[in-house]
Structure formats: structure tokens, C-alpha cells
Amino acid sequence: MKTVSLLASTSLLGLAASAGVLAADAMPAGADDPVDEIIVTGTRFEMPLDQIGRAVSVLTEEQIELRQQRFVSDALRVLPGVQITQTGAVGSTTSVSLRGLPSNQTLVIQDGIVLNNPAQFGTSFNFANFDTNDVKRLEVIRGAQSTLWGSDAIGGVINIVTKSGADGVAGSGFFEGGSFGTFRGGANVRGGNDIVSGRVSLSGVRVRGFSSADEANGNTEDDGYENYTVSAKGLYKPLDNLSFQTVLRYQDSQNEYDGFVDGVVTDADEVANTEELTVGAFATYTMFDDRLSHRASVTYVQTDRLFFSDAGISFDNSGSRLSYEYQGKGRPIDQVEVIYGMEYEEQESQTKVGFGGDQAIDTWSGYGLVHLRPLEGVSLTAGVRHDDADAFGAETTFSGSGRIEIPYIGGALRGSYSEGFRGPSVGELGFNPDLRAEYSNSWDIGLERAFLDQRVRLGVTYFDQKIDDLISFDLNAFTYRNVQRFETSGVEVSGDFRFTSKLSMNAAYTYLDAFNATTTIAANNQPDHRFNAEIAYRPINKLTLSTGIWFNGRENEDGTQPLDSFTVVSLRAEYALTDYMDVTVRIENLTDADYQDNFGYGTAPISAYGGLRVRF
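Residues numbered from 1 in each chain as written. Predicted model: local features only at pLDDT ≥ 70, side-chain atom pairs only at ≥ 80, totals over all residues. Heavy atoms only, no water.

Engineer: Sorry, what's going on with the overall build of the chain here?
Structural biologist: Per the secondary structure count, the chain includes five helices and 32 strands. For a compact globule of 616 residues, the expected C-alpha radius of gyration is about 25 Å, and the chain comes in at 23 Å, within 12% of that figure. Considering only C-alpha atoms, the chain reaches an extent of 65 × 60 × 55 Å along its principal axes. Buried residues in the chain amount to 56% of all 616 residues. Restricting the contact set of the chain to residue pairs at least 6 apart, pairs at least 24 apart contribute 62%. For the chain, the accessible area works out to roughly 24,900 Å², and carbon and sulfur atoms hold 57% of it. The chain carries 48 positive and 83 negative side-chain charges, and their two centres are separated by 7 Å. (Helix = DSSP H or I, 4+ residues; strand = E, 2+ residues; numbered from the N terminus. Rg over C-alpha atoms; globule rule 2.2 N^0.38 Å. Buried < 20%, exposed > 50% of the residue type's maximum accessible area, 1.4 Å probe, protein only. Contact = heavy atoms within 4.5 Å. Areas by Shrake-Rupley, 256 points an atom, 1.4 Å probe, with all protein chains shown as cover. Lys, Arg positive; Asp, Glu negative; His and termini not counted. Charge placed at Lys NZ, Arg CZ, Asp CG, Glu CD.)

Structural data, given as C-alpha cells:
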């Protein structure tokens, strides 16, 4: 255990004494949107970022494109409080954790549809196959958010917003090739008018790969990967106050991976096939000049995974979520907005080969939220939610947040208190039907300020969170149990610097103290210190240069295998051949750092990629 109070106090005092601060992680290098124009939807209220009391980060399509980030997990890595863990080569299992908590406590949403896989032990979402081709915006809401979204949102919520249709007809495409036999391409076509609009996207990637088991340990077999994705979004608006929206995403992937021999990751001839289907239909009706709205939705997610070894099929699982929801929104006066709703969800898991069997969970939920703006510069939210599951009982959670602009110094103080829970997954219940839900409470407080005519923005947040009845696997009894307590606290600092009209930088630092309070062992794969910097320079209008710097501090692995700290540097260039065509070049791991961020698993050495982007 470590102490963060001194660091927090120093950071806050330094921030208050500086010339100013404002939610820097909302405006990374390369972004042009003012903070008051960035609308966040993952809080259920469509609110400008500068009215939110919770700890929120936003990445836009333009920022992702500037940094040439291929997968959503690559983009998320630069944000404070976010840790990515991968089991080796491209396409291997990739998890995202928030503020040091296990990845199964991160809820992932795409266009209002929960993606977490019920068949996965712990219901965590595998980010390995989600590329950025159709992504419009990424939102990360840190801290427990079960009042907003129910189970699994103990650590926070990652909200993925995909691209929509547009007036007229437009499109884009790209192709990229490079190291490890990488070939990647994709296209987007969108169009429409005031009544009908839509977007269709296609993408694919094929990689020869490198060994998932670390080559430094004598492993040489390449682990390949291929993935094909089709997605679409459509909107039909027959009346000014009536609209229908549909969302579709289908992914088919295959990745080779390595296994274990006597507890050590070793080359093996293992293959996993994964199919993921996401479908949603939404109907919205507004009344009284948009002061009252009703939305009904039906969403369905299914993930099928099949694992092969030399002996044949070694494991399989199929998980699905079917959800029906009604949500109402009212604005009786301009300063008050309320949201209320009900939801029914069915989760199912099927396993024919391996452990788990067939399981199901049915959950009824009801929630209410209120947003108040009693005074200029003051924004307050509060909410309550009740979830009743047939498998593990009922949970009621509360939350509240606020943001107050500080006169004369141009800054803002914000804070939140949130409760969260994670019900046992259908997979975990297959081992132990008597499991209880994990329960958490968290709070954070932050100070933000901007100065030098908005050219410098800084922000600091202190957070503290505790989880009871943590579900853990008992290897001796070979089952899951509610046996542990988990605690996490730390400091998140972010800064956005616009030195000139051509040179800018975004930086994020996280200090983390996360540990199992039952065993007093530090959390696995969670560094004490993390630092990211993104620098963009445009020497001429047609050329943009950027670099990414990622420092990862020392990590714990089961209390016995500490992983050394490391630094990874990437360089990128983008040149506009015409108004409709760009050439891209990227070098990753420029210094050829040899490191592990997951014990026993390899990481990519220095690699290079080149590509072409077109628009019409």
C-alpha cells in the first residue's frame, strides 16, 4: 500500500497557484472543438463537457485519425486512468481497465448497446477486434456508474459512438501495409437527406504476426490474425418529432495464440475463432417543442467463440444479451432536466466443451436521474437505480455529481459520489450458483482551469474507491467465491498545450495505488505511474508530424513477478497529396524497447507501416 495524500495536495496547490486549468484530457493535441461544444452522451444526459461533474475524457474521430490508431484499445491508451492489457500479438485477448480495477468492472457501450460478453468469465469485453474505421467518438467516464447503466459499471463506462449518415453522398477509404505481414483496409459510405440517412462501413485486417509467448524466452512461432467487420447505422425521420434508428455491427475474426506449460507461456498451436453480432433498433417521439421525449429500444448482442488445439476443439462458449428499454426525458423548465426509464434484460451463456454449462440471468431495472442548473456556472446531477436479478437478488445504487465554475480565476471545481455493483456472470454462476454481487462506492474531486487565452489547459483529479465481496477464483476448490475486498486510489493529471498555431501537445499522468485489501497484494498489471504525451506539429499545411510517448511504471504480477518499467515512442507523418488523398507513414516502438506489459507475453519490436487515405 502507498500514500497519495502528499502527491494529491502538491498537485492541487500547484494547480491553484498556476495561471489556470481546464479539462485537458477533453482536448488532446490535434483537436479543434471547444470544450463547451463537445457533447457527451455516455452519462445519458446529452451535456456539454464543461457542465459535467464526473471525470470524463473524450477522443474524437480527428484525433484518432491524426494518431493513426488502428484499434479502439490503441486510442484509449493515451487517456488518464486507463490501462490496456494484451496477451501477446495483434488479435490476442485485449482488456481495458479503469483506475486499477479488473477489466470485468468496465462496462462497454456502443451506440446505446451494452457489449460485455455474458459468457466470458467476469463478463469483460475483448477489445481485440474493435477497429476504429467506423468510430466517431470515444467517451470514458471513470468511477462507478451503475446508477446510469446497471451491473458491471463499477470501474466506469467506455462509450463508443459510431459514425452516422450525412446529407448528400460522401465516403472515405484507406489501405495500410507494413511489418509482420500486415495488410489492412476499409471504407465508409454515407449519405441521406432530412428524412432518411445512413452509413455503411467495411474493414479488414490480416497479420502474419509475431509470437504471443515472449521471444526472449525462446519462443519463435508467429501467431497470426485476421478480422473482417461490416457495420451500418440508419435513421428514418418521417415526422419532425418521430424518428427510427437502427444499428448493426458484425465481426468475424481468427487469431492464433499460445498456451501454458507448467504455468509458463509457451509456443503452442492454438487457434480461436470469434463471431460478434450487435443489433439495435430505437424509436424516439418528442412532444411540447422537444420538452418531453419518449424512446423505446430493442438491442441484441451475441458473441460466439470456438477454441482449437492440436487435439481438436478445446473450449467453446456462446453469450447473448437481449434488452428491452423505455426511457423518458423531460425538461419542465430550462434549468431542470429529468430522465426516467425501465429495462428488462436476458443474459444467456452456453458452453458445450469445457466448464460453465448453460446459464441464464433475467434482470428488471428502473432508474431516475435529474440535472439541475440553479445558477450560472453551477451544474448538479443526482440519480437512483434499482436492479432485480433472478440469479443474485436486488441492488439499489445512488450517485451525485456537481460542477461549479470559480469566479475570477476562470476555473472549475467538480466532484462526484457513485455507487456500483457487478452481478456474477452466467459463466461464474456455472461454477457457484450462490455467488453474491460485488458492491462498490467511489468518490472523486477535481480542479480544472484554462489560461493564456485558452492555449493552456490543466486538470487534476483525486479518486478513491472500495469494492466489497469481490468475486475471485479459488484454484484449490476450483470455483468462484465472494472472498475479497479491493481498494484503489490515485491522482490523474492532464494538460493540453497549444504552443503555436502549428505546435501542440497533450499529456496525461496517472498515479495509482490499487491493491487487494484481503491479501494486501498490489493489483496485477497496474503500474504505479503512467505517463502519455501526444505532440503534433504542422510545418506546412500539407504535412502533419506527430509523436506518441508512453511510459509505463513497474507492475506487479501475482505478488511474485514484478514487471520492469518501460518507455515506448512512436513517430507518424501524414502528407496531403491532394484535397482528397493523404499518404501516411508510422513507426512504432522507435527505440526497439524490449518489454512485457503482461507477464510471459511478448510485445512488438520496432515496426513500420505506410498507407493511403482517400475521401470523396
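Engineer: How should the packing of aromatic side chains be read in this particular structure?
Structural biologist: Within the structure shown, the criterion is met by 19 aromatic pairs. Measuring from centroid to centroid gives 5.2 Å for Phe 473 and Phe 478, while their planes differ by 80°, and the two rings are edge-to-face. The rings of Phe 431, Phe 473, Phe 478 and Tyr 480 are connected pair by pair, giving a single aromatic cluster. Looking at Arg 70, its charged tip hangs above the ring of Tyr 609, at a distance of 5.1 Å from the centre. The lysine or arginine in question, Arg 77, covers the ring of Trp 550, its NZ or CZ lying 4.2 Å from the ring centre. (Phe/Tyr/Trp six-rings, centres within 6.5 Å; stacked < 30°, edge-to-face > 60°. Lys NZ or Arg CZ within 6 Å of the ring centre and 35° of its normal.)

Engineer: In this structure, what is going on with the environment of Val 271? I would like to understand it.
Structural biologist: Take Val 271: it is sitting in strand 15 (residues 264–287). Here Val 271 falls in the buried class, since its relative accessible area comes to 18%. Each residue touching Val 271, except ones within four places of it in the same chain, is listed here: Gln 254, Asn 255, Glu 256, Tyr 257, Leu 306, Phe 307 and Phe 308.

Engineer: Mind showing me how you'd approach the nonpolar core here?
Structural biologist: One recurring pattern in soluble globular proteins is that nonpolar side chains are buried together. Counting residues in hydrophobic clusters, the biggest one holds 25 residues, and the most contacted among them are Val 72, Leu 76, Val 82, Phe 127, Leu 138 and Ile 160. If we ignore the near neighbours within four places in the chain, the residues touching Leu 138 are Ser 57, Val 58, Leu 59, Ile 64, Val 72, Ala 75, Leu 76, Asn 159 and Ile 160. In terms of nonpolar packing, the next biggest core, distinct from the first, is built from 17 residues, Leu 49, Ile 52, Ile 109 and Ala 153 among them. (Core = buried A, V, L, I, M, F, W, Y, C linked by side-chain atoms within 4.5 Å.)

Engineer: Looking at this model, I keep getting lost on the side chain of Glu 343. Mind explaining?
Structural biologist: Assignment of secondary structure puts Glu 343 in strand 18 (residues 336–350). Classification of Glu 343 by relative accessible area gives buried; the value is 13%. Polar contacts involving the side chain of Glu 343 include one to the side chain of Ser 323, which spans 2.8 Å. Excluding anything up to four places from it in sequence, Glu 343 contacts Ser 323, Tyr 324, Glu 325, Thr 363, Trp 364, Ser 365 and Arg 385. (Polar contact = N/O pair within 3.5 Å; in protein donor to acceptor, adjacent residues only side chain to side chain.)

Engineer: What's the story with the pattern of salt bridges in this structure? I'm lost.
Structural biologist: Where side chains of opposite charge bring their charged atoms close, a pairing between them can arise. Enumeration according to the criterion identifies 38 salt bridges in this entry. A salt bridge links Glu 226 to Arg 206, with the shortest nitrogen-to-oxygen separation between them at 3.4 Å. Taken together, the residues Glu 226 in strand 13 (residues 223–239) and Arg 206 in strand 12 (residues 196–210) connect sequence positions 20 residues apart. On the basis of relative accessible area, Glu 226 is assigned to the partly exposed category, the value being 26%. A salt bridge links Arg 481 to Asp 474, with the shortest nitrogen-to-oxygen separation between them at 3.1 Å. Judged by relative accessible area, Asp 474 falls into the partly exposed class, the value being 24%. The network of salt bridges with shared partners includes Arg 70, Glu 176, Arg 586 and Glu 588. (Salt bridge = Lys/Arg side-chain N within 4 Å of Asp/Glu carboxyl O.)

Engineer: Looking at this model, I keep getting lost on the pairing of strand 20 (residues 378–389). Mind explaining?
Structural biologist: Each regular strand shows side chains that alternate between the opposite faces of the sheet. In this structure, strand 19 (residues 359–372) lies alongside strand 20, joined through 10 bridges in antiparallel fashion. Among the inter-strand pairings, Gly 368 is bridged to a residue of strand 20, identified as Val 384. Hairpin geometry of strand 19 and strand 20 is characterised by an intervening segment of five residues between the two adjacent antiparallel strands and by a positive phi of about 85° at Gly 377. The sheet contact formed by strand 20 and strand 21 (residues 393–406) spans 12 bridges and is antiparallel. Within strand 21, the residue paired with Ala 389 across the bridge is Gly 393. (Pairing = 2+ DSSP bridges.)

Engineer: For this particular structure, what's the right way to read the environment of Gln 454?
Structural biologist: Here Gln 454 is to be found in the loop between strand 23 (438–451) and strand 24 (456–474). For Gln 454, a relative accessible area of 41% translates into the label partly exposed.

Engineer: Would you mind going over unusual backbone geometry with me for this structure?
Structural biologist: As a rule of thumb, non-glycine residues mostly have phi less than zero, and peptide bonds are mostly trans rather than cis. The backbone phi angle of Asn 589 is positive, close to 55°, even though this residue is not glycine. With respect to the helices and strands, Asn 589 occurs in the loop between strand 31 (581–588) and strand 32 (607–615).

Engineer: What's the story with the pairing of strand 13 in this structure? I'm lost.
Structural biologist: Here 13 bridges tie strand 12 to strand 13, and the two strands are oriented antiparallel to one another. Following the sheet pairing, Arg 206 is matched in strand 13 by Glu 226. Pairing of strand 13 with strand 14 (residues 242–261), which is carried by 13 bridges, proceeds in the antiparallel orientation. Residue pairing across strands places Thr 229 opposite Gln 251, the latter belonging to strand 14. Here strand 13 folds back onto strand 14, and the loop between the two strands holds two residues.

Engineer: So what exactly am I meant to see when it comes to the sheet that holds strand 8 (residues 135–142) here?
Structural biologist: Strand-to-strand pairing in sheets goes through backbone hydrogen bonds, with the strands running parallel or antiparallel. The five strands are arranged 3-8-9-6-7 in an open sheet whose pairing can be described as mixed. Of all the strands in the sheet, the pair left with one neighbour each is strand 3 (55–60) and strand 7 (113–114). Bridging between strand 3 and strand 8 involves six bridges; their strand directions are antiparallel. Residue pairing for strand 8: Ser 57 is matched across the bridge by Val 140.

Engineer: Whenever I open this one, the side chain of Arg 305 confuses me. Can you help?
Structural biologist: The residue Arg 305 is located in strand 16 (residues 292–309) in this model. No salt bridge is formed by the buried Arg 305, whose closest oppositely charged neighbour, Glu 276, lies at an N-O distance of 7.4 Å. A distance of 3.5 Å separates a polar atom in the side chain of Arg 305 from a polar atom in the side chain of Thr 274. In contact with Arg 305, other than residues within four places in its own chain, are Thr 93, Asn 117, Gln 120, Asn 126, Asn 273, Thr 274, Phe 315, Asp 316 and Asn 317.

Engineer: Teacher, can you tell me more about a nonpolar patch on the surface here?
Structural biologist: A cluster of nonpolar side chains, Ile 540, Tyr 575, Leu 577, Leu 612 and Val 614, forms an exposed patch at the surface whose accessible area comes to about 380 Å². Note on placement: Leu 612 falls in strand 32. The exposure class of Leu 612 is partly exposed, given its relative accessible area of 34%. (Patch = residues over 30% accessible without salt bridge, like charges linked within 9 Å, V, L, I, M, F, W, Y side chains within 5 Å.)

Engineer: Explain the confidence of the model for the chain to me, please; I cannot follow it from the model alone.
Structural biologist: Averaged over the chain, the pLDDT score is 89; the fraction of residues at 70 or greater is 93%. Note on residues 1–32: pLDDT is under 50 here. Beyond four places in sequence and across chains, it has 104 contacts. (pLDDT = per-residue confidence, 0-100.)

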